Structures are given as C-alpha cells and as structure tokens.
Amino acid sequence: PCVARYFASKLWAGEEYFVQIDSHIWFVEGWDEKLVNMMRLAPSAKPVLSTYPPGYGGHWQGGKGPRMCGASFSSSPVEARIIRLGGSMVSKAPDAPEGTPIPAPYVAAGFFAAPSDFLKDLPFDPFLPWVFMGEEIMLSSRFFTNGYDIFAPRENILAHEYRPGSMGLPKFWETVGRVFGRPGMNTELMHIGICRVKNHLGYPECLS
C-alpha cells in the first residue's frame, strides 16, 4: 500500500485538503463538511485528523473512534518486529472545549486528513514496495518531525469493512504468493524494504 499511496498522491490537483483512506469504506452524509469543521476546530495551524475507522455495521454513525495513542514492538519476525500502533477510547481531552479534536501521538494509515501542504513537506516515499506493517509509524514520525499536530476526530464520519479476509478474499501480501506460486514470498521481499523504515526510525540494525 505504501507505493499505492505515492501514486494516489499524484492525483492531487491543488485541493486545500487531502484525505487518505483504505478500500471498503462507507461515509456518513455530509462527511466532508463535518471533517473540515473538525479540522478548523483543531488548535493547530497544521492539524492531522486520524483514527481507526469502526467496523461497518451496527450503530457506528455519530459515535466516537479510538484515539491513536498505543504502541508496542511486534514480537513477530514476519512483521520484522516493527512498532505496531493501537488506539483507546477517550471521549474528551482535559479542559478542551466540547467538539475540539483530541490530541494523539500517532497516525492511522487507513484514515487521515490533513492540509494538502503536507505533500510538499513530507511527500510519500515511492521506495517502500511490499511494506505493510511499518507504514503507520513512518507516517507518524514524519508528520511529527515536520511540525504537524495529530488529533482524533470527535465523531465517526466513516466506517471500514474489515471482513473481506474472513470471506476468503486475499490480503495484498497473499496475492503475491498466489501470482508466483510461492506462499510467503511477500514476507521475503518486505524484509528487504522494511529496513528503509527502520533506518528512518533509528533501529540500530538498519543504521548505515
């Protein structure tokens, strides 16, 4: 998906805001106005709104999504022991006016919105083929070190269909093995590219 994000960013035609989502997304009516209003309420000149969208189904509209504030080192060699992100449900920041987005330390790749100026400040990296786990910590660190402030939206404006995997539809890393008849091939390739992410983050095994 990292390379796909790069190609998608090339479709930018001067719009004021940029929104990144995964596939299989549902939006509430008037989502764009709601999103712009939340960004304008954020106490920052360079706000980023981001969260893990709730699963599609049930009563997700109007609810609150998680604040991206959890992180741990993966213990899985398949994930190259990269930093994994997580969220928690926090309804209001201390002393924040009602409706103000909640500060958060991390960015979710499946949904974020930001002023489109970030495309000049931290353009997408086209040299991360095969990388999946590692995209979010890379985004978070690049936004932070370029002066952007990250917030969780106060209202769900979109939902994600998380079921395709359980319905028998392949994840992107599975399609590589299917095409070439080599299960696990994507992991072998990912271990090459993930060192670029680790170098950026200061992992000692990938410093040069």
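Only a predicted model underlies this, so the values are computations on that prediction, with no experimental measurement involved.

A. The state of the cysteines, seen in detail. Under the definition given, this model contains one disulfide. Residue Cys195 pairs covalently with Cys206 via a disulfide, S to S 2.0 Å. Taking the torsion about the sulfur-sulfur bond, which here is approximately -110°, the covalent link between Cys195 and Cys206 counts as left-handed. Linking Cys195 in helix 6 (residues 185–201) with Cys206 in the segment after helix 6, this pair joins segments that are eleven residues apart in sequence. Among the residues examined, Cys195 registers a relative accessible area of 28% and is labelled partly exposed. With no disulfide of its own, Cys2 lies closest to Cys195 among cysteine sulfurs, the gap being 15 Å. Residue Cys2 is classed as buried on the basis of its relative accessible area, which comes to 7%.

B. Representation of helix 1 (residues 2–9) within the structure. Within helix 1 the residues assigned to the buried category are Cys2, Arg5 and Ser9. Summarising the axial view, the buried residues of helix 1 lie within an arc of 55°, below the 170-degree limit, and thus occupy one face. At its buried positions, helix 1 is contacted by strand 1 (17–21), helix 3 (118–121) and helix 4 (135–145).

C. Structural view of the sheet that holds strand 6 (residues 102–103). Taken together, the five strands give an open sheet; going across it, the order is 1-7-3-8-6, and neighbouring strands pair in mixed fashion. Edge positions in the sheet fall to strand 1 and strand 6, since each has one partner strand and no second. Pairing geometry for strand 3 (residues 47–50) and strand 8 (residues 149–152), over three bridges, is parallel. Across the sheet, residue Val48 finds its bridge partner in strand 8, namely Ile150. Across the face of the sheet, helix 4 comes into contact with strand 1, strand 3, strand 7 (111–115) and strand 8 while running at roughly 20° to strand 7.

Calculation rules
Residues numbered from 1 in each chain as written. Predicted model: local features only at pLDDT ≥ 70, side-chain atom pairs only at ≥ 80, totals over all residues. Heavy atoms only, no water. Disulfide = S-S within 2.5 Å. Helix = DSSP H or I, 4+ residues; strand = E, 2+ residues; numbered from the N terminus. Buried < 20%, exposed > 50% of the residue type's maximum accessible area, 1.4 Å probe, protein only. Arc of directions from axis to C-beta. Contact = heavy atoms within 4.5 Å. Pairing = 2+ DSSP bridges. Axes fitted to C-alpha atoms, helices over the stretch in contact; angles between N-to-C directions.

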